[in-house]
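# Architecture at a glance
Single-letter residue listing:
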Amino acid sequence: MKQVKPEQALVHKYPEWVILIVACAEDGTPNVMPAGWGMICSGDPLLVAVAIAFDRHTHRCIEETGEFIFAWAGAHQARLVKHCGSTSGAEEDKFEALQIPTAPAAVLDLPLLAEAAINLECKLRDRMKTGDHTIFVGEVVAAHLPDKPTATLLNFGGKFASGAPIDLPE
Ligand SMILES: Cc1cc2nc3c(=O)[nH]c(=O)nc-3n(C[C@H](O)[C@H](O)[C@H](O)COP(=O)(O)O)c2cc1C
């Protein structure tokens, strides 16, 4: 073993899956941002958590509305992830700019990402401020798969890669 700086060690945790968080500003304009720091954090009830930096537009949206979509990006969505991860919804309507295909949600007043591998509708259940992020915990109130299921998730590790193909249940 050798001791290294924490940032040197963390490089070795990649690749990680990419989550897409959809949330609306109070004026009703939807926004989407990619997040690597997302996880399932309870099975029953089903809860998911995502760490979002204080200055993100998405942070403001979730604080204001108390709801979000937690979607796993498919391997084919690298371009969308790259664009949405380098622009802010405070300055651009990303759905409009990229013509992102959407589908209606069942419970929440938010668009689903029609081409994501999995969409979970989440109501804000809890939040915890960390050093420079807030961990938002969402209770899953509905789940959706695309008509044509996505066989691979998008992984990010400095550059984009697709994960190993998975056997999809019928
Ligand atoms: C692959 C990837 C993973 C990211 N992970 C996170 C994350 O976990 N938390 C976060 O706050 N920002 C993360 N970001 C940065 C935000 O997506 C980026 O700052 C985005 O422009 C914020 O958009 P918004 O201002 O519209 O909310 C990530 C970006 C990329 C490309």
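Relevant structure appears above.
Residues numbered from 1 in each chain as written. Predicted model: local features only at pLDDT ≥ 70, side-chain atom pairs only at ≥ 80, totals over all residues.

## Section: the site of the ligand
Defined as follows: Each residue gets a C-beta atom placed from its backbone. If that atom is within 6 Å of a molecule or strand, the residue is near it. Secondary structure counts use DSSP, requiring at least four H or I residues in a row for a helix and at least two E residues in a row for a strand, with both numbered from the N terminus. By the convention adopted, Pro, Cys, Tyr, Trp, Phe, Met, Ile, Leu, Val and Ala count as nonpolar, Lys, Arg, Asp and Glu as charged, and the other residues, Gly among them, as polar.
Taken together, 22 residues lie near the ligand, and H57, T58, G85, S88 and G89 sit nearest. Among the elements of the structure, strand 3 (30-35), strand 5 (47-53) and helix 2 (57-65) are those that each provide at least two residues to the shell around the ligand. Looking at the shell around the ligand element by element, the count peaks at 4 residues for strand 3. In terms of residue class, the shell around the ligand is built from 11 nonpolar, 10 polar and 1 charged.

## Remarks on helix 2
Cut-off, in case you're wondering: Labels follow a simple rule on C-beta atoms placed from the backbone: if 20 or more others lie within 10 Å of a residue's own, it is buried; if 12 or fewer, it is exposed; otherwise it is partly exposed. Here, the arc refers to the directions that run from the helix axis to the C-beta atoms. Here contacts are defined at the residue level, using C-beta atoms placed from the backbone and a cut-off of 7 Å between them.
For helix 2, the set of buried residues is T58, C61 and I62. Taken down its axis, helix 2 places every buried residue within 95 degrees of arc, on the same side. Where the residues of helix 2 are buried, they touch strand 2 (19-24), strand 3, strand 5, strand 6 (67-72), strand 9 (118-129) and strand 10 (133-144).

## Section: the sheet that holds strand 3
Note the following rule: Whether two strands pair depends on DSSP finding at least two bridges between them. Lines fitted to the C-alpha atoms define the axes, with helices restricted to the stretch that makes contact. Angles between their N-to-C directions range from 0 to 180 degrees.
Pairing within the open sheet is antiparallel, and its 7 strands lie in the order 3-2-6-9-10-5-4. At either end of the open sheet lies a strand with only one pairing partner, and these are strand 3 and strand 4 (38-42). Each neighbouring strand pair of the sheet contributes to a mean axis angle of 35 degrees, computed without reference to strand direction. Contacts from helix 2 reach strand 2, strand 3, strand 5, strand 6, strand 9 and strand 10 within the one sheet, and its direction differs from that of strand 2 by about 55 degrees.

On their own, these measurements won't tell you what the molecule is for.
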